[in-house]
Amino acid sequence: MQAIQEAATAFLSNRRVAVTGVSRHPETHGSNAIYRRLRERGYQVFAINPNATEVEGDASYRDLR
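Scope of this entry: the structure provided in the associated data block. Predicted, not measured: the structure shown is a model, and the values here were computed from it.

Digging into the nonpolar core
- Among the nonpolar cores identified, the biggest contains ten residues, and these are V17, V19, V22, Y35, L38, Y43, V45, A47, A52 and V55.
- Elements with a minimum of two residues in this core: β1 (16-20), α2 (30-40) and β2 (44-48).
- Excluding its chain neighbours within four sequence positions, the residues that come into contact with Y43 are L12, N14, R15, V17 and L38.

In structure tokens:
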């Protein structure tokens, strides 16, 4: 089993990341903080929320397809 640090490093080596649970109400969801942090660090980030067309000023997708 990979150590947490190794798993995180492997995950973050991908420059395109989908974040589920990103909300239209960012003050109530930790996923938004993760979404913003990845975007600020130069990742291409995709917000996934089946109930929103836009979050954090970006397009949101209903699912991972």
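Overview of the environment of T28
- With respect to the helices, strands and loops of the structure, T28 is situated in the loop between β1 and α2.
- Linking T28 and G57, residues 29 residues apart in sequence, is a C-alpha distance of 17 Å.

A few points about the sheet that holds strand β4 (residues 58-61)
- Taken together, the four strands give an open sheet; going across it, the order is β1-β2-β4-β3, and neighbouring strands pair in mixed fashion. Unpaired on one side and paired on the other, β1 and β3 (54-55) mark the two borders of the sheet.

Some details on the pairing of β4
- In this structure, β2 lies alongside β4, joined through two bridges in parallel fashion. Bridging from a neighbouring strand, I48 pairs with Y61 of β4.
- Looking at chain direction, β3 and β4 are connected through two bridges and run antiparallel. Within β4, the position partnered with E54 by the bridge is A59.

Quick notes on the rules
- Residues numbered from 1 in each chain as written.
- Predicted model: local features only at pLDDT ≥ 70, side-chain atom pairs only at ≥ 80, totals over all residues.
- Heavy atoms only, no water.
- Core = buried A, V, L, I, M, F, W, Y, C linked by side-chain atoms within 4.5 Å.
- Buried < 20%, exposed > 50% of the residue type's maximum accessible area, 1.4 Å probe, protein only.
- Helix = DSSP H or I, 4+ residues; strand = E, 2+ residues; numbered from the N terminus.
- Contact = heavy atoms within 4.5 Å.
- Pairing = 2+ DSSP bridges.

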